[in-house]
Structure formats: C-alpha cells, structure tokens
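# Structural features, examined
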Amino acid sequence: MTESIDGAESAGVLRPRPATGFASPAGDYYDGGIDLNRHLIPDRTSTFVMRVSGHSMAGAGAADGDELIVERARAPRDGNVVVAVLDGELVVRRLRIEAAGPVLQTEPLPPSPPVRTRVDGELDVWGVVTRSLHRL
Amino acid sequence: MSLGTEATTGHRFALVDVNNFYVSCERVFDPRLADRPVVVLSNNDGCVVARSAEAKELGIKTGTPWFQLAPEAERMNLVARSSNYELYGDMSARVMEVIGRFGAWQEVYSIDESFLGLPAAAEPAFAATARAVREAVRRLVGVPVCVGVAPSKTLAKFANHIAKHNGHLDGVCSLGSLPAADLERLAARLPVTEVWGVGARTGEKLAGQGIQSVADLAAADPARIRKKFSVNLQRTVLELRGTACIAPIDERADAHQIMFSRSFSTPVDTVAAMADVMTVYAQAAASRLSARGLQTAVVTAFAGTSRFAAGEASNPSVSVPLPEPTDDPIAIVRAAVAGLEARLVPGVRYVRAGVVLSGLTRAGAARQGEFDLFGTPDDDGAPAAGRDAQAAANLGSLLGDVKARFGQASIGLGAGGVQVPADWSMKRQYSSPKYTTEWKDLPVAKA
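Within every chain, residues take consecutive numbers counted from 1 along the sequence as written. Labels follow written order: the first chain is A, the first ligand is 1, and so on. In keeping with the model being predicted, local features are shown solely for residues with a pLDDT of at least 70 and side-chain atom pairs are shown and tallied solely at 80 or more, while totals for entire chains, interfaces and linings include all residues. Computation of side-chain values: all heavy atoms of the structure, hydrogens and water removed.

Per an unreviewed UniProt entry, chain B goes by DNA polymerase V and derives from Zhihengliuella halotolerans. UniProt positions are given in the numbering used here, feature names are shortened, and annotations may be inferred rather than shown by experiment. The Sequence similarities (unreviewed entry) comment attached to chain B in UniProt states, word for word, "Belongs to the DNA polymerase type-Y family."

The name an unreviewed UniProt entry assigns to chain A is SOS response UmuD protein, from the organism Zhihengliuella halotolerans.

Right, here's the structure in full:
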C-alpha cells in the first residue's frame, strides 16, 4: 500500500489525505442536518401547504394562521382532519363518515360547540391534513 | 394501408397532456372557478392564451385581446387570470414526476405534455396504464389529463386527440383497442392538418396532391412524399403506419436555440435600464442553458419598439460570437449587455427585448480559458485562465443553487439581483397567488 491515507484504513475506508490541516473528527459522521422536507413531505408531487384562516378548528390543533401539511395521496377516512371544498371554498374540518353519509364538523376550543354540516351529494375532499405547524 | 397496422406488438408511446393546463392549475386552488368560463392572459395581460372548456363554448378564441373581452366579461360570467408562471411551473414539475412513474422512459415535451415509453405488453395493459396515469395525476396533483397510446409518437398524438374529443372514452385512448372500423372512419374524416407536425401551409400543398385526410397521408407513398416535401414529412407517413422514427427532442436539429424574451409593462427608454433588462434576461437564458447541460457559442440580444407606437421605430439586434462555447452566466450577460448597448437609439421607448442563445453544444468539453473573466491571467497563461474558467463555472452553479432555494430574485449579477422588481417587469393585474412557491401566498383553508 503506497497510497497515502488518513488513518481510516481500520474502518475499511480509504480517504485521500486532505490538502492541509486536520480532518474534522466529526466528518465521518456528519451526513447533513435534519431535513424537514424529508420528514414532513412524504411525496413532493402530492403534498401541499395551506394556511388556516379562522378559529373553528383550534380544538383539533389547527389554529388561525397555522400552516397545514395537506396530502392528496391519502384516502380520507372517518376521523381525519381534511381540507374539503364547501360552497366554493377550501375549508378545514373533521370528517365523520356516518351511516347517513359524510359529515364535516368544526372543532372549536371549548366552550364553543362544534358545528356539523351534512353533505348532500358527493363530498369533494381536497386532501388529508397530516400536520399543523403552530407558532408558539 | 391503414393507421398503425405495421406494428401490432412491441413497446408503445403514450402522449399525456393536461387539459387546458393553465386554467386547470388555477382551478385546483380556487374552487369558485369550477364550471365557469375562465381565460388566462398572456404577458402584461395582453390576450387570451388559455381557455376553459366553458370559455371555448362561448366562442372565445386564443389570441383575443383582453380589452375586447373585458367590457363583456361580467355579462358572460367570465373570469380572467394573469399568467402565474410560478404556479404553472411548480404544478408542471409535479405532473411530470407523477407521469414519469408509469413509464420505462419519459420525454417531457412542453410545460403540459410528455411522451412516456410503455414496455411491450398485451393490448389491454396499455389502456389500463393510461387510465392509471390519468387517475394518479387527478388524485395527486388535481388536474385532468388525456392519454393517447400508440406504436409511434405521431399516432400517440392522434390517439390523444381522439381521447380528448370523444367523451365516452373518458380521456383515454389506446389506438390498438379501438375497433378497426372506428379508427378508419376517424382517419378518413379528420383533416391532415390534425396530424402532429403538419401545418396549414403543408396541408394546402398536400391538398393540391389530393391528400386531404389523415388516412390519405397514411396511404401516401413515403418515397414520393420525401421527394415532393421533406424527409420530416416522410417520417410522419411512416409514423402514421406504426413505425416509430421521430427522435427525442434533445437530439433533433430544431432544438438549436434558447430564447428568453418578454414585453414590458412600461417602456424602457434609457441605456442603463436596458442594461438591467439584458442582465436579467441573459441570466434567465443562461440558467435554461445550464439546466439542459448545453453551452452556447453565440449570444443574440434584441429590443424593439411597439408596432402601434407613433414615434420612431427601432428594432436593434446584435449577435455576439463568444471566444469559446460556454454556459457561464457572466460571459453571457456581458455579451448581451455590451452588444445591445451600442445599438440603442437614445430616447426611443422600447417595449420588448430578448436574449437568444444559439450554436448550442453539449457542455463538458474541456474548458480552455480565453474568457479573461476575473482580470488578466497569470504569466503562465493557460493554467491560470483555466482556473478562472473553473471559478466561473462554480459561480454559475452557485447562482443556480441559491435561486433554486430562495427564489428568482434572491441573488444575481448586477441588476439581476434586485429584490424589488423594476417597473418594466410584467404587469399581472389578475394574478392568483403563487400558491405553491411563496410562503406568504399559501392557499387559505377556512376554519
């Protein structure tokens, strides 16, 4: 072995000697910081970010001004917080799938009561909300 | 000889395109636009460039100036949107990625259409894949697409046309699964100008030879077509018969230049302001160039006055040959700015300008520094100049990286880096928010 190496041979890794100075001992372990995109955006084609306007979902953790991660790839299920199309607007609601059909429900902070909207005809679910980014 | 009969086995081409792409993007985030006539306007809100099906039904034509439609808009329940290129670009990237998951290869053909390679399979599998593509794009991104599948690109375009205009097909047509009689009837009925690459003028000339319909062209003698017209039209005939012979766009001779040009919302009448414009446009062209892995040998810069303005007409254009092919934004900007500056007529009000890069070659050939970008090379000449060229290359890719992370206006050379858009930048009075590319513009969900 005539090649110059930096002592990493025992680890089974051959590295060219750096031009000057000492290699950082952390260099072998550093693989980039935490990448929020990787954790919050499972599929970049179908994940969107929206902003909440209003207070009727604060009880579900989606407060006025919060950003929501909305996934279109997920099939909406009973109990999901969803973005749905209601009267020409995008709204955030808790989805309840009941025997009589789907219901969109608000979830305000107590003591305000929830409001239930039964959907006649086909319910247009835009996406399923998977996270709320809440500023503290 | 009928359509596509020469290939009944083997791989297939799918042509996937988004219906009324710009309008469909707007509708994803604004449900009020559903079922309403919607048009999207060109740069500076000039004229109609995209129409919803409802707007087409109203008889609104592409290219209609907005000022003619505006007084009637309310009566027609018509909504106009300015071109929101940031939104369309982001949605296009999403659509293309989803489409690409379904093929063995993909050739993105334009912002809203893509060819897709489907490996050999039994005929029903092609239609099933086409339906899966349509369903996936609708569900994941939210826009409707049509899919045509056939043994050649030209036939895939034709199949796509059939899918689009026959409601019962639900946006999907694999040519091989159509009953032969239906296909023959369609090919005999549709004019030859519906064929991909056959324009109005060629159509007239063909009609003079008795070739009127798609079926007529498919039945024409390829050798004769080559002699009377061109090798390209001969390829079209072969493609209609099911023999794939059109090369990918990157390898074609017509991909020979990159242009970035715009009209201004307010005229530019000083040399300094035009230098700013050239700086911005040349960088935009340079970033397209490096995105495609190409180098340019000639930078052409041009400007023009309005065709309708009373004053002096001035349409300066200058081509600057570069000492060597390059993708270096600094060299390209310098050439564009210096080239045009000398040709401008002082005091004239210019309303449009552009930068064209031509003499394109693949990047990666050894750089031999002749640019003198960062001052005089060292005495030992070539190596130092080579190092400068390398430094310039690094700077070029850094600019690109920063823009990708922080947006177009985040960094640039000279005026290209201004934070506040200058007053000649585009007028977009009816623009929707940049829903998917700007944090402050996120779509709002009511709670």
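What follows continues from the structure just given.
So, on to the pairing of strand 10 (residues 294-305) of chain B. Residue and element names in this part refer to chain B. To sort residues, take the accessible area from a 1.4 Å probe on protein chains only and compare it with the maximum for the residue type: under 20% means buried, over 50% means exposed, and anything in between is partly exposed. What counts as a helix is a DSSP run of H or I of at least four residues, what counts as a strand is a run of E of at least two, and both are numbered from the N terminus. Counted residue by residue, strand 10 has 10 buried out of 12 residues, so it is predominantly covered. For two strands to pair, DSSP has to find at least two bridges joining them. Of the strand pairs in this sheet, strand 10 and strand 13 (residues 361-362) are connected by two bridges, and their pairing is antiparallel. Note on strand 13: the bridge partner recorded for L294 is R362. When strand 10 meets strand 11 (residues 317-326), the two strands line up antiparallel, connected through six bridges. Bridge pairing in strand 11 links V299 to V320. The pairing of strand 10 with strand 12 (residues 350-358) spans eight bridges and is antiparallel. Bridge assignment links T305 to a residue of strand 12, and that residue is Y350.

Here we come to the interface of chain B and chain A. Opposite the 23 residues of chain B that make contact, chain A presents 29 residues. Note on chain B versus chain A: buried area summed over both sides is about 2200 Å², and carbon and sulfur give 54% of it. Each reported salt bridge corresponds to a side-chain nitrogen of Lys or Arg within 4 Å of a carboxyl oxygen of Asp or Glu. Inspection of the chain B/chain A interface yields three salt bridges. Linking R101(B) and D43(A) is a salt bridge whose minimum nitrogen-to-oxygen distance equals 2.9 Å. For the side of chain B that touches chain A, the elements supplying multiple residues, two or more each, are helix 1 (21-29), helix 4 (85-100), helix 5 (123-140) and strand 14 (444-446) of chain B. Examining the composition of the side of chain B that touches chain A, we find that four residues originate from one element, helix 4 of chain B, more than from any other. In terms of residue class, the side of chain B that touches chain A is made up of 13 nonpolar, two polar and eight charged. In terms of strand pairing, strand 1 (residues 47-53) of chain A meets strand 14 of chain B through three bridges, oriented parallel. Opposite S53(A), over in strand 14 of chain B, you have K446(B) as the bridge partner. Residues count as neighbours in contact if any of their non-hydrogen atoms are within 4.5 Å of one another. The term buried area means the drop in 1.4 Å probe accessible area that two parts suffer when joined, counted for both and summed. Gly is placed with the polar residues, together with every amino acid not listed as nonpolar (Ala, Val, Leu, Ile, Met, Phe, Trp, Tyr, Cys and Pro) or charged (Asp, Glu, Lys and Arg).

For the coordinates displayed, the defined rule picks out 25 salt bridges over all chains. E107(A) is paired through a salt bridge with R94(A); the nearest N and O atoms lie 2.8 Å apart. In this pair, E107(A) sits in the loop between strand 5 (101-105) and strand 6 (116-118) while R94(A) sits in strand 4 (residues 89-98), placing the two residues 13 residues apart along the sequence. Under the relative-accessibility criterion, R94(A) is labelled buried at 16%. Linked through salt bridges whose partners overlap, the residues forming this network are D43(A), R44(A), E97(B) and R101(B).

This part takes up the environment of D327(B). Here D327(B) is to be found in the loop between strand 11 and helix 13 (329-341). Taking the C-alpha atoms as reference, D327(B) lies 28 Å from G100(B); in sequence the two are 227 residues apart.

We now examine the UniProt feature "domain: UmuC" (unreviewed entry) in chain B. According to UniProt, the feature "domain: UmuC" (unreviewed entry) maps to residues 13-199 of chain B in the numbering used here. In residues 13-199 of chain B, the share of helix is 44% and the share of strand is 21%. The end C-alpha atoms are 22 Å apart.

All names here are of chain B. Of the residues in chain B, 81% reach a pLDDT of 70 or more, and the chain-wide mean stands at 83. On a scale of 0 to 100, pLDDT captures the predictor's confidence in every residue. Averaged pLDDT values over the elements of chain B bottom out at 52 in helix 14 (residues 382-406) and peak at 98 in strand 14. Of the regions scoring below 50 in pLDDT, residues 365-388 engages in 28 contacts with residues more than four places distant in sequence or in other chains. We note a pTM of 0.70 for the whole complex and an ipTM of 0.80 for its interfaces.

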